[in-house]
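The chain contents come next:
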Amino acid sequence: MSMRKLQTLAALILIFIACEDREPAPVVIPNWLESRIAELEDSACPGCKITRYTYEEEFYYQVYCSFWSCSDCEIYHFDGTEVDWEFVDKADFIQNRTRPELLWECRFEGS
């Protein structure tokens, strides 16, 4: 077999390995967020959800309920501290946050 055929074969094998189906990473809800979820569930939470975003290589968590008057009322850093918009550029955050992942959505019977 020629060298060119071996290189082509090796490239195809690498492509197949790289494209194989992988299990998605499990959804992990931080411990500090569990108490907030319990509060929402206790208050009959239709329309509430928690989404995780990546911004500047860190996770941020948005708690949102559709009946609230603002969409960014509750946004937390990865460690559970609420984002202080005096120190984080809100417009830049909204524009450049990536990889939204829905972590939790209200399972209230009436929703």
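Whatever comes next refers back to the structure up there.
Residues numbered from 1 in each chain as written. Predicted model: local features only at pLDDT ≥ 70, side-chain atom pairs only at ≥ 80, totals over all residues. Heavy atoms only, no water.

Enquirer: So what's going on with unusual backbone geometry? Residues and values would help.
Expert: Among all residues save glycine, negative phi is the norm, and among peptide bonds the norm is trans. Phi angles above zero are rare outside glycine, and glutamate 56 is one such case at about 50 degrees. Tracing the sequence through the fold places glutamate 56 in the loop between strand S1 (48-55) and strand S2 (58-65). Looking at glutamate 56, the relative accessible area reads 61%, which means it is exposed. Residue glutamate 57 is not a glycine yet carries a positive backbone phi of 65 degrees. Inspection of the secondary structure assignment puts glutamate 57 in the loop between S1 and S2. (Helix = DSSP H or I, 4+ residues; strand = E, 2+ residues; numbered from the N terminus. Buried < 20%, exposed > 50% of the residue type's maximum accessible area, 1.4 Å probe, protein only.)

Enquirer: Can you tell me about the environment of isoleucine 37, naming the residues and giving the values?
Expert: In this structure, isoleucine 37 sits in helix H2 (residues 31-42). C-alpha of isoleucine 37 to C-alpha of valine 63: the two residues are 26 residues apart in sequence and 9.2 Å apart in space. Beyond its immediate chain neighbours, meaning those up to four positions away, isoleucine 37 contacts Ile29, Ile50 and Trp104. (Contact = heavy atoms within 4.5 Å.)

Enquirer: Which residues make up the nonpolar core, and what values go with them?
Expert: Of all hydrophobic cores here, the largest spans 13 residues; its most connected members are Leu40, Cys45, Cys48, Ile50, Val63 and Trp104. Of all the elements in the fold, those that place two or more residues in this core are H2, S1, S2 and strand S4 (98-105). Beyond its immediate sequence surroundings of up to four residues, leucine 40 is in contact with Cys45, Cys48, Val63, Cys65 and Trp104. Ranked by size, the runner-up nonpolar core spans 6 residues in total, among them Tyr55, Ile75, Val83 and Val88. (Core = buried A, V, L, I, M, F, W, Y, C linked by side-chain atoms within 4.5 Å.)

Enquirer: Talk me through the packing of aromatic side chains; I want residue IDs and the actual numbers.
Expert: Across all of its chains, the model carries 7 aromatic pairs by this definition. Between tryptophan 32 and tyrosine 76, the ring centres sit 5.6 Å apart and the planes meet at 55 degrees, which makes this aromatic pair tilted. Here tyrosine 76 lies in strand S3 (residues 74-77) and tryptophan 32 lies in helix H2, a separation of 44 residues in the sequence. On the accessibility criterion, tryptophan 32 (24% relative accessible area) is partly exposed. One residue, arginine 52, lies across the ring of phenylalanine 59, its end atom 4.0 Å from the ring centre. Lying over the aromatic face of tyrosine 53, arginine 97 brings its terminal NZ or CZ to 4.3 Å of the ring centre. (Phe/Tyr/Trp six-rings, centres within 6.5 Å; stacked < 30°, edge-to-face > 60°. Lys NZ or Arg CZ within 6 Å of the ring centre and 35° of its normal.)

Enquirer: How would you summarise the pattern of salt bridges if you had to cite specific residues and measurements?
Expert: On inspection of all chains with the given rule, the structure shows 3 salt bridges. Between arginine 36 and glutamate 74 there is a salt bridge, with the nearest N and O atoms lying 2.6 Å from each other. Of this pair, arginine 36 sits in helix H2 while glutamate 74 sits in strand S3; the two residues are 38 residues apart in sequence, bridging distant segments of the chain. The closest approach of N and O atoms between glutamate 101 and arginine 52, which form a salt bridge, is 2.8 Å. (Salt bridge = Lys/Arg side-chain N within 4 Å of Asp/Glu carboxyl O.)

Enquirer: Residue-level account of the state of the cysteines, with values.
Expert: Linking two cysteines covalently through their sulfur atoms gives a disulfide. Throughout the structure, instances matching the rule amount to 2 disulfides. A sulfur-sulfur separation of 1.9 Å characterises the disulfide bridge that pairs cysteine 48 with cysteine 65. Torsion about the S-S bond of the cysteine 48 and cysteine 65 cystine: about 110 degrees, corresponding to right-handed handedness. Of the two residues, cysteine 48 sits in strand S1 while cysteine 65 sits in strand S2, which places them 17 residues apart along the sequence. No difference in accessibility class separates cysteine 48 from cysteine 65, as the two residues are buried. (Disulfide = S-S within 2.5 Å.)

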